[in-house]
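Topology and contacts: notes
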Amino acid sequence: MSAFHDILFPLSVGLGARGGPERFTEIVELASGHEERNSPWAHSRRRWDAGPGVRSADDLALLTAFFEARRGRLHAFRFRDPADHASCLPSAQVSAVDQLLGLGDGTRTRFPLLKRYGEGQGAYPRPIALPVAGSVLVAVNGEAAGFTLDDAEIVLAEPAPDGASVSAGFRFDVPVRFDTDRLEIALDAFRSGAVFSVPLVEVRT
């Protein structure tokens, strides 16, 4: 049976991966010339090709061993998106006030981690499934707060006061699997600098 292996894809290979978010939009063209657009996906899904990250024979050996241990597409694992793996901008340091998780009501203690993209009502709240251990910081009304981490939810040591902002900063990984059951490697082509494909796709945990 398939499972999630709590292990990180080799960073030396992953840093060269190319990819990003994918959306699925259904478009119907009406007789009037107007369009109706709808998306059955509540959340985006990310895809990458890690092939460009293989730059040496050692990288190739690491990738092959990792692929075999995951049994190809069977088992999911952690992947660190080289372009988007923190609650803040790439040039900034993680801060406890990076992302607003919600407002207290005097009794609530649990707040799922999320990262918002965009501003205002149109912002997209992305659920964060795999925070990096030891990277999470939490604040209530801008002041550091005691908490524990339960999977991808923070659990405050004390309920946040009514109307108090609960925010967090963190680094995170993405749950993915290989999107192929075969690594096709031509060693001569690899030595000459050719890039082969290693597709990865995000999964829901």
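The rules behind these values
Residues numbered from 1 in each chain as written. Predicted model: local features only at pLDDT ≥ 70, side-chain atom pairs only at ≥ 80, totals over all residues. Heavy atoms only, no water. Helix = DSSP H or I, 4+ residues; strand = E, 2+ residues; numbered from the N terminus. Expected span 1.5 Å × (residues − 1). Pairing = 2+ DSSP bridges. Salt bridge = Lys/Arg side-chain N within 4 Å of Asp/Glu carboxyl O. Buried < 20%, exposed > 50% of the residue type's maximum accessible area, 1.4 Å probe, protein only. Core = buried A, V, L, I, M, F, W, Y, C linked by side-chain atoms within 4.5 Å. Contact = heavy atoms within 4.5 Å. Axes fitted to C-alpha atoms, helices over the stretch in contact; angles between N-to-C directions. Phe/Tyr/Trp six-rings, centres within 6.5 Å; stacked < 30°, edge-to-face > 60°. Lys NZ or Arg CZ within 6 Å of the ring centre and 35° of its normal.

The name recorded for the chain in an unreviewed UniProt entry is TIGR02217 family protein, from Glycocaulis abyssi.

Regarding helix H2 (residues 57-69)
Here H2 is 13 residues long and its end C-alpha atoms lie 18 Å apart, about the 18 Å a rise of 1.5 Å per residue gives. Among the residues trailing H2, Arg71 stands out with phi positive, at a value near 60°.

Quick look at the pairing of strand E12 (residues 137-140)
Across four bridges, the pairing between E12 and strand E16 (residues 165-169) is antiparallel. Within E16, the position partnered with Ala139 by the bridge is Ser167. Taking the residues that link successive antiparallel strands as the turn, the E12-strand E13 (residues 143-144) hairpin has two residues, and the phi of Asn141 there is positive, at about 55°.

Examining the pattern of salt bridges
Inspection of every chain in the model, using the stated rule, returns 15 salt bridges. Here Arg110 makes a salt bridge to Asp150, at a shortest N to O gap of 2.4 Å. Separated by 40 residues along the polypeptide, Arg110 in strand E8 (residues 110-112) and Asp150 in strand E14 (residues 147-150) bring together distant segments of the chain. By relative accessible area, Arg110 is classed as partly exposed at 35%. When salt bridges that share partners are traced, they join Glu22, Arg45, Arg47, Arg177 and Asp179 into one network.

A look at the nonpolar core
Counting residues in hydrophobic clusters, the biggest one holds 19 residues, and the most contacted among them are Phe9, Ala50, Leu63, Phe77, Phe79, Phe178 and Val198. Those elements that place two or more of their residues in this core are H2, strand E6 (76-79) and strand E17 (172-178). For this core, the leading source of residues is H2, giving four residues. Beyond its immediate stretch of four places on either side in the chain, Phe178 contacts Phe9, Leu63, Phe66, Phe67, Arg70, Gly72, Arg73, Phe77, Val198, Pro199 and Leu200. Leu113, Ile128, Ala164 and Phe170 belong to the second largest nonpolar core, which has 16 residues in total.

A closer look at the environment of Ala61
For Ala61, the position within the fold is in helix H2. Residues Ala61 and Val94, spaced 33 residues apart in sequence, show a C-alpha to C-alpha distance of 33 Å.

Structural notes on the sheet that holds strand E15 (residues 153-156)
Here three strands make up an open sheet; going across it, the order is E8-E15-E14 and the pairing antiparallel. If you trace the sheet from one side to the other, it starts and ends with E8 and E14, each paired once. The sheet shows a mean angle of 25° between the axes of neighbouring strands, direction not considered. With four bridges joining them, E14 and E15 adopt antiparallel strand pairing. Following the sheet pairing, Thr148 is matched in E15 by Val155.

Here's the deal with the packing of aromatic side chains
Here the structure, examined in full by the defined rule, presents twelve aromatic pairs. Centre to centre, the rings of Phe67 and Phe178 are 5.0 Å apart; their planes meet at 70°, and the pair counts as edge-to-face. Of this pair, Phe67 sits in helix H2 while Phe178 sits in strand E17, placing them 111 residues apart in sequence. Accessibility classification places Phe67 together with Phe178 in one group, the buried group. In this structure, Arg23 packs its charged tip against the face of Tyr124, placed 4.5 Å from the ring centre. Here Arg70 stacks its cationic end above the ring of Phe66, 4.5 Å away from the centre of that ring.

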